[in-house]
Amino acid sequence: MYTTLRAANVRNLSIALVNGTVALIILLIAPLGLAAVITNTLLVTAAIAADQITRYLQPSRAQ
């Protein structure tokens, strides 16, 4: 499936907003604390890396 640059930007923005919300909720639940936030951040970083790899592997568009 080919994605446009605009669609990728919208998807990344929505992922960032959801990640920020989850991180805030995790921080408000005190017993989970910093380790959960670090784990959440690492998982989002892995998702972004996978997105970049997928974009790299897509064939170039003919212009």
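For the structure given in this document, a descriptive report is provided here. (Residues numbered from 1 in each chain as written. Predicted model: local features only at pLDDT ≥ 70, side-chain atom pairs only at ≥ 80, totals over all residues. Heavy atoms only, no water.)

### Notes on helix α2 (residues 33-57)
Moving on, step 1. With 25 residues, α2 extends 37 Å between its outermost C-alpha atoms, agreeing within 8% with the 36 Å of an ideal straight helix rising 1.5 Å per residue.
Moving on, step 2. Taken together, the buried positions of α2 are G33, V37, N40, V44 and D51.
Moving on, step 3. Looking at the buried side of α2, the elements it contacts are α1 (5-28). (Helix = DSSP H or I, 4+ residues; strand = E, 2+ residues; numbered from the N terminus. Expected span 1.5 Å × (residues − 1). Buried < 20%, exposed > 50% of the residue type's maximum accessible area, 1.4 Å probe, protein only. Contact = heavy atoms within 4.5 Å.)

### Examining α1
Moving on, step 1. With 24 residues, α1 should reach 34 Å at 1.5 Å per residue; the first-to-last C-alpha distance of 35 Å fits that figure.
Moving on, step 2. Along α1, the residues classified as buried are A8, N19, A23 and I26.
Moving on, step 3. For α1, the secondary structure elements touched by its buried residues are α2.

Any functional reading would require information that these geometric values do not contain.
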